[in-house]
Amino acid sequence: MEIGAMLDELREMALKDEKIRQELLDTRKDAHPLAAFCSKCRELGYEIYEMDLITAGEEFYATMRRSTNGGGENSPKLEGEDDFYELFFASLEQKS
């Protein structure tokens with residue numbers, strides 16, 4: 001399963017279960033929040049590791065850029081579109 005699909009499943013799980021949602025949100029308070037988040041994901045059965053999460057967003061964005069505007073360097077950077085980690089938390093925090 002790809003990182004995006006795993007994050008979608010985790011998001012759905014967290015939005016249905018307040019305890020899991022809070023545990024995921026609490027990982028942001030850790031001294032190493034990305035590592036804590038990935039560890040919690042693995043506890044929940046999703047094999048997500050830091051580098052996989054970082055590169056997944058970058059790869060997704062690179063694919064999107066190649067498919068629009070001829071894929072050239074003039075394609076505008078969309079703020080945060082390559083950061084699956086931040087997008088995941090933004091979707092969880094919207095519920096608050």
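Structure report, in brief. As the structure is a computational prediction, the values presented were derived from the model and not from experiment.

Some remarks on the pattern of salt bridges
Piece 1. Scanning the entire structure with this criterion turns up eight salt bridges.
Piece 2. For Arg-11, the salt bridge identified is with Asp-8, shortest N-O distance 2.7 Å. Of this pair, Arg-11 and Asp-8 are both found in helix H1 (residues 3–16), three residues apart, which corresponds to roughly one turn of the helix.
Piece 3. Residue Glu-43 pairs with Lys-40 through a salt bridge whose shortest N-O separation is 2.9 Å. Note that Glu-43 and Lys-40 are positioned in helix H3 (residues 33–43) at a spacing of three residues, about one turn of the helix.
Piece 4. Classification of Glu-43 as exposed rests on a relative accessible area of 58%.

Calculation rules
- Residues numbered from 1 in each chain as written.
- Predicted model: local features only at pLDDT ≥ 70, side-chain atom pairs only at ≥ 80, totals over all residues.
- Heavy atoms only, no water.
- Salt bridge = Lys/Arg side-chain N within 4 Å of Asp/Glu carboxyl O.
- Helix = DSSP H or I, 4+ residues; strand = E, 2+ residues; numbered from the N terminus.
- Buried < 20%, exposed > 50% of the residue type's maximum accessible area, 1.4 Å probe, protein only.

In short, geometric facts, not functional conclusions.
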